[in-house]
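Structure at a glance
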Amino acid sequence: MGADGGTIPKRCELVKERKKKEKLDKHVKNATKWRNCQLTQLPLKRPVIACRFGKLYNKEDVINSILSKTISKSASASHIKGPKDFVELKLTLNKDFKRGDVKGDDYNDVNQTEFICPITNVPMNGIQSFLVNWQCGCVYSEKAQQEVKSSNCHVCGGPYDATKMVILNPEPEQLELYKLKWEAEKAEKAAAKKDKAKKTAEKMEAAASLAAGSGGEASSVAPGPSGSGVGKHVDLKKKLEIAKLTGGSTSEKKAEKRKANTDIQSDPTTSDTYKKLFTTCEAAKNKTEGHWVTYNPLYY
């Protein structure tokens, strides 16, 4: 039967308790976020990019997905539409990181990663928060941001704006804030584009009404089926009046000028012998036979 001989059973031996959820080791959990591309789950290799939500990707894989139009099917990268939605990262390599399997008696430090902070030398493994400057793409730890106060970028010395700093692989709460900010920016751009189109349409209507009003008595005529009004008829009348005042079209004047310049018989600089070579001279016109230079076999 048991429980004899003075033994005292414990509660865990008599009562079945609910199993606790298995907790995944932190470095194993962060390995997929900080070492692999979020689109293809392949190891990160430069050039590496980050989206507006702080997720890391291989640039080559993202570009290929955009060109093949398959990126919209990805749950982690469907919000990337083009180059404006990501920034290429300027990462600092970690000399102590050993890629591949460790052989022999070498110590394998799981916290070492391929990239580190260029200021504090902290490995980019998820234990410390890392930031990316969206204006220049420099990456450094949040610890360096707090310890070193500066109005410029901590790495390249370029422009710095606290509102344009993005946390890499943020916590779920911060990720939701980034998504809300992204939706607000899209709505703002759509409203600005709509207002611009409305203003352009109003300007075009004002210009059309001004042109129709300047037509005078011709503006009372109803527009044609194309809806273009009578502006074309007014312009045509004006052109005809100008042509009458100037004494003909410019093409006719050019033809007359060309004819006067190319008339050999009226050219005083040429000799009579040279003029007689052409059929336009008087002697050639009075001949009963064709000219020996410009002989026409159909001549009768």
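Throughout what follows, the structure given in this document is the object of discussion. All of these numbers come straight from a predicted model, not from anything done at the bench. (Residues numbered from 1 in each chain as written. Predicted model: local features only at pLDDT ≥ 70, side-chain atom pairs only at ≥ 80, totals over all residues. Heavy atoms only, no water.)

1. What to know about the nonpolar core
With 40 residues, the main nonpolar core has Tyr57, Ile80, Leu89, Met124, Val139 and Leu168 as its most contacted residues. Those elements giving two or more residues to this core turn out to be β1 (48-51), β2 (56-58), β3 (86-88), β6 (130-133), β7 (139-141), β8 (165-167) and α5 (172-213). Considering each element in turn, this core owes the most residues, 4 residues, to β1. (Core = buried A, V, L, I, M, F, W, Y, C linked by side-chain atoms within 4.5 Å. Buried < 20%, exposed > 50% of the residue type's maximum accessible area, 1.4 Å probe, protein only. Helix = DSSP H or I, 4+ residues; strand = E, 2+ residues; numbered from the N terminus.)

2. A word on the environment of Lys164
Locating Lys164 in the fold gives a position in the loop between α4 (142-147) and β8. Along the primary structure Lys164 and Trp134 are separated by 30 residues, whereas in three dimensions their C-alpha atoms are 5.7 Å apart. Excluding its chain neighbours within four sequence positions, the residues that come into contact with Lys164 are Val132, Asn133, Trp134 and Gln135. (Contact = heavy atoms within 4.5 Å.)

3. Notes on a nonpolar patch on the surface
The grouping of Ile119, Val148 and Val155 at the surface amounts to a nonpolar patch, some 200 Å² of accessible area in total. Structurally, Val155 is set in the loop between α4 and β8. (Patch = residues over 30% accessible without salt bridge, like charges linked within 9 Å, V, L, I, M, F, W, Y side chains within 5 Å. Areas by Shrake-Rupley, 256 points an atom, 1.4 Å probe, with all protein chains shown as cover. Salt bridge = Lys/Arg side-chain N within 4 Å of Asp/Glu carboxyl O.)

4. Things to note about the pattern of salt bridges
On inspection of all chains with the given rule, the structure shows 4 salt bridges. As a salt-bridge pair, Glu185 and Arg52 come within 3.9 Å of each other at their nearest N and O atoms. Taken together, the positions of Glu185 in helix α5 and Arg52 in the loop between β1 and β2 put the pair 133 residues apart, joining distant regions of the chain. Look at Glu185 and you get partly exposed, because its relative accessible area is 28%. Put simply, Lys186 and Glu183 hold a salt bridge, and the shortest N to O gap is 3.9 Å. Taken as a pair, Lys186 and Glu183 lie in helix α5 at a separation of 3 residues, close to a single helical turn. Take Glu183: its relative accessible area is 42%, and that puts it in the partly exposed class. One continuous salt-bridge network, built from bridges that share partners, spans Arg52, Asp85 and Glu185.

5. Overview of the packing of aromatic side chains
According to the stated counting rule, one finds 2 aromatic pairs in the structure shown. Pairing Phe53 with Trp182 gives two aromatic rings, centres 5.6 Å apart and planes at 85°, and the pair type is edge-to-face. Residue Phe53 is found in the loop between β1 and β2, and its partner Trp182 is found in helix α5; the two are separated by 129 residues along the sequence. Taken individually, Phe53 and Trp182 each receive the classification buried, so the pair is uniform in this respect. Across from the ring centre of Trp182, 4.1 Å away, lies the NZ or CZ of Lys186, which sits over that ring. (Phe/Tyr/Trp six-rings, centres within 6.5 Å; stacked < 30°, edge-to-face > 60°. Lys NZ or Arg CZ within 6 Å of the ring centre and 35° of its normal.)

6. Let's talk about α5
Over its 42 residues, α5 runs 62 Å from end to end, which matches the ideal 62 Å to within 8%, given 1.5 Å per residue. Every buried residue of α5 is accounted for by Leu175, Tyr178 and Trp182. In this structure, the buried side of α5 is in contact with β8. (Expected span 1.5 Å × (residues − 1).)

7. Some points on the sheet that holds β1
Strand order in this open sheet of 3 strands is β2-β1-β3, and the pairing throughout is antiparallel. Two strands bound the open sheet, and with one partner strand each, they are β2 and β3. Between one strand axis and the next, the sheet turns through 35° on average, direction left out of account. Two strands pair when backbone bridges link them, and β1 and β3 are joined in this way by 3 bridges, in the antiparallel orientation. Pairing of Cys51 across the sheet is with Phe86, part of β3. (Pairing = 2+ DSSP bridges. Axes fitted to C-alpha atoms, helices over the stretch in contact; angles between N-to-C directions.)

Keep in mind that these numbers describe shape and distance, not what the molecule does.
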